[in-house]
Number of protein chains: 2
Amino acid sequence: MPRDAELRQSNTHVAREIAKLIVSGVWHEGWTLPREIELASQFSVSRTSIRESLSVLKAKGLIAARQKAGTHVRERINWNMLDAELLEWAWALRPTEEFARQLTQVRRIVEPEACAICAERGSDADLARIERAYREMDAAGMDSRAYSEPDLRFHRGILTATGNDFLVAFGATVEAALRMSFDLSTLNPGAPRKSLPYHRAILDEIWARNPDGARRAMHRLMDLTERNIISALSRRHGEAMAAADASREHDA
Amino acid sequence: MPRDAELRQSNTHVAREIAKLIVSGVWHEGWTLPREIELASQFSVSRTSIRESLSVLKAKGLIAARQKAGTHVRERINWNMLDAELLEWAWALRPTEEFARQLTQVRRIVEPEACAICAERGSDADLARIERAYREMDAAGMDSRAYSEPDLRFHRGILTATGNDFLVAFGATVEAALRMSFDLSTLNPGAPRKSLPYHRAILDEIWARNPDGARRAMHRLMDLTERNIISALSRRHGEAMAAADASREHDA
DNA sequence: AGTACATTTTATGTCGGTCATATTATCGAA
DNA sequence: TTCGATAATATGACCGACATAAAATGTACT
């Protein structure tokens, strides 16, 4: 369990907590955060650990430090929102509809084009890898968890097949989007599974070395994904409303 | 001078050096790097400083550490190549044609779409900001340095106007591409300046709230940029060849 | 011999403290 | 009032020790 192990480590935990305060806006842009010693006592860790946490957040563009002047929150424009951990934290801490909308919008821009490039230039070995991922998705049945993992490999496979390191790096964004879908799949069971034939269509176009068709097929999958996310979120919204009504009745 | 100040700081320097070894492939994927104590003596800094450097590289996805097992280079798929510093390092350390090609390819995918969204949804205040950046580009004349800075603001302005945090984060990639163009502008003076009317055309389409036109106009700018980069790189290649010939003559 | 379990080893993780450095803030003299 | 010297202070770097987890080794038992 590498992820859990990481979370258990104190510096990762502290980094996450501070990131939470920043991403949620409690510590807004330009804000000078408490001195390292004060942070250390607030989080009950040593100054060394605080410094390691801060250096992680510095690396992700959230904060910057200057001697004597202190450490301040950088403006959003410098935040590396395409970073894997930051995406994970942002969704886990604030699973908003806005986040989902924006993430889906970026996927719609990047993935169809990547898919076209893959159809044009992907090696047969790349395509075989994607095919394997597809078969595992098919074999997963209705288990969202078992479906989600090869699904990510399918999309990462396409990005990797482009041979473009920056598109490969975009895999972190896709991963975040799929995690989001997975989180919402309890509200909309079976929705992921419905995407299987769309994946088949994409793969067929790629095998046929048809860039335009591949782009369109990926675009249709993005449409479906967007519809699923929106309906899951509105359902969540509805449940929240119902819960509020129930609590009002209970109060009365 | 925040950038210079940062570079002077020892942990940033060490992080850059180690990143160089990893990005250039000297320390390949899966490689277990020397123990922290050994790194400390190699780089003549304390273990504390090494640890801060490593935590930066961990944050960027280049390496991962496990107690007792050591620290290893993660596979490329986990590298956050869209990170601002990593982009800067990668180009500074290995200014290859492949890097330029890939970076340009990603811009071609993202920026035209962002431009269309900007034309559709950007606020008048957003557009005014882009207009101001354009005017400063115009006023910069033939000075590449003075032209480059508002150029970045122009493109960042479009990304910001989309209201999408992930597209905003893509600004780091655009920044890297413009820095690359600037570095190559000594080989191809005046090339950046030729892009001015293309920027005007983009702005006109955005003001006209014409998404399709804006997308096409941005696409034309990307075409021009790609041509400029390729010609500068082939010129550099030619100069390298000439230098090799000269040295051969000298040897003979 | 081979396997399951306990023990040792070791590299990263955490701690507290000290000193260095840069930059802000303060104070004093012209 | 302004400019320059000085003091205060928050981050940056260093050190040495101990904690922890996991790999490697050793040991007992089948």
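Further up the page is the structure itself.
Below you will find a few notes about this structure. Computed from a predicted structure; not experimentally measured. (Residues numbered from 1 in each chain as written. Chains lettered and ligands numbered in written order. Predicted model: local features only at pLDDT ≥ 70, side-chain atom pairs only at ≥ 80, totals over all residues. Heavy atoms only, no water.)

### Details of the protein's contact with DNA strand D
Let me state the cut-off plainly: Think of it this way: one heavy atom of a residue within 4 Å of a molecule or strand is enough to make that residue near it. Counting of polar contacts relies on pairs of N or O atoms within 3.5 Å, with two restrictions inside protein: one atom must be capable of donating a hydrogen and the other of accepting it, and residues adjacent in sequence are counted only when both atoms are side-chain atoms. Gly falls in the polar group here, along with every residue not listed as nonpolar (Ala, Val, Leu, Ile, Met, Phe, Trp, Tyr, Cys, Pro) or charged (Asp, Glu, Lys, Arg).
In the vicinity of DNA strand D there are 22 residues, among which Arg-35 of chain A together with Ser-10, Ser-49, Arg-66 and Gln-67 of chain B approach most closely. For DNA strand D, the fraction of protein-proximal atoms (within 4 Å) that sit in sugar or phosphate groups is 68%. Contact between DNA strand D and Glu-36 of chain A: a phosphate oxygen at 3.1 Å from a main-chain N or O atom of the residue. Residue composition of the surface near DNA strand D, by class: two nonpolar, ten polar and ten charged.

### What about the side chain of Asn-188 of chain A?
All names here are of chain A. Spelled out, the test is: Under the DSSP-based scheme used, a helix requires at least four consecutive residues in state H or I and a strand at least two consecutive residues in state E, with every element numbered from the N terminus. Categorising residues by exposure relies on relative accessible area from a 1.4 Å probe, with only protein chains included: less than 20% of the type maximum marks a residue as buried, more than 50% marks it as exposed, and the intermediate range marks it as partly exposed. Any two residues having at least one pair of non-hydrogen atoms within 4.5 Å are treated as being in contact.
Position of Asn-188 among the secondary structure elements: in the loop between α10 (171-184) and α11 (196-207). We classify Asn-188 as buried; its relative accessible area is 9%. Within polar-contact distance, the side chain of Asn-188 engages the side chain of Ser-231 at 3.1 Å. Apart from the residues lying within four places of it in its own chain, the contact partners of Asn-188 are Asn-228, Ser-231, Ala-232 and Arg-235.

### Structural notes on the relation of the copies chain A and chain B
Stated precisely, the cut-off is as follows: Only residues with pLDDT of at least 70 in both copies count here: their C-alpha atoms drive the least-squares fit that superposes the copies.
Screw-axis analysis of chain A against chain B gives a translation of 0.0 Å along the axis, an RMSD of 0.1 Å, and a rotation angle of 180°. Here the symmetry operator amounts to a two-fold rotation axis. Here 97% of the interface residues in chain A have copies in chain B that are interface residues too; the copies meet face to matching face.

### Here we look at α10 of chain A
So the rule is basically this: A helix is expected to span 1.5 Å for every residue after the first.
An ideal rise of 1.5 Å per residue puts 20 Å on 14 residues; α10 of chain A measures up with 20 Å between its terminal C-alpha atoms. Taken together, the buried positions of α10 of chain A are occupied by Gly-171, Ala-172, Thr-173, Val-174, Ala-176, Ala-177, Leu-178, Met-180 and Leu-184 of chain A.

### Re the packing of helix α8 (residues 144-161) of chain B against helix α10 (residues 171-184) of chain B
Residues and elements named next belong to chain B. Short version of the rule: Angular values range over 0 to 180 degrees, each being the angle between N-to-C directions of two axes fitted as lines to C-alpha atoms, with helices fitted over their stretch in contact. Comment on the angle field: the value is read as roughly parallel under 35 degrees, roughly antiparallel over 145, roughly perpendicular from 65 to 115, and oblique elsewhere. Put simply, a crossing is left-handed when the front helix is turned counterclockwise from the back one by less than a right angle, and right-handed when it is turned clockwise.
Relative to each other, α8 and α10 sit at 160°, their axes nearing to 10 Å. In terms of their interaxial angle, α8 and α10 are classed as roughly antiparallel. Seen along the crossing, α8 lies across α10 with a hand that is right-handed. Seen from α8, the contacting residues are Ser-144, Arg-145, Ser-148, Asp-151, Leu-152, His-155, Arg-156 and Leu-159; seen from α10, they are Gly-171, Ala-172, Val-174, Glu-175, Leu-178 and Phe-182. Of the residues in the contact of α8 with α10, the class split is six nonpolar, four polar and four charged.

### A closer look at the protein's contact with DNA strand C
Around DNA strand C, the surrounding shell holds 22 residues, and the nearest of these are Ser-10, Ser-49, Arg-66 and Gln-67 of chain A together with Arg-35 of chain B. In DNA strand C, atoms within 4 Å of the protein come 66% from sugar and phosphate. In this structure, Gln-67 of chain B approaches DNA strand C through a side-chain N or O atom, which is 3.2 Å from a sugar or linking oxygen. Thr-71 of chain B is positioned such that a nitrogen or oxygen atom in its side chain is 3.5 Å from a phosphate oxygen of DNA strand C. Those elements giving two or more residues to the surface near DNA strand C turn out to be α2 (10-23) and α4 (47-59) of chain A together with α4 (47-59), β1 (63-66) and β2 (70-73) of chain B.

### Remarks on the packing of α2 of chain A against helix α5 (residues 84-93) of chain A
Geometry of a packed helix pair, given as the angle between the helix axes and the separation of the axes. All names here are of chain A. The contact between α2 and α5 brings their axes to 10 Å, and the two run at 65°. By the criterion of interaxial angle, the relationship of α2 to α5 is roughly perpendicular. Along this stretch, α2 crosses α5, giving a crossing that reads as right-handed. Where α2 approaches α5, its residues Ala-15, Arg-16, Ala-19, Lys-20 and Val-23 are matched on the opposing element by Leu-86, Trp-89, Ala-90, Ala-92 and Leu-93. Looking at side-chain class alone, the contact of α2 with α5 contains eight nonpolar, no polar and two charged residues.

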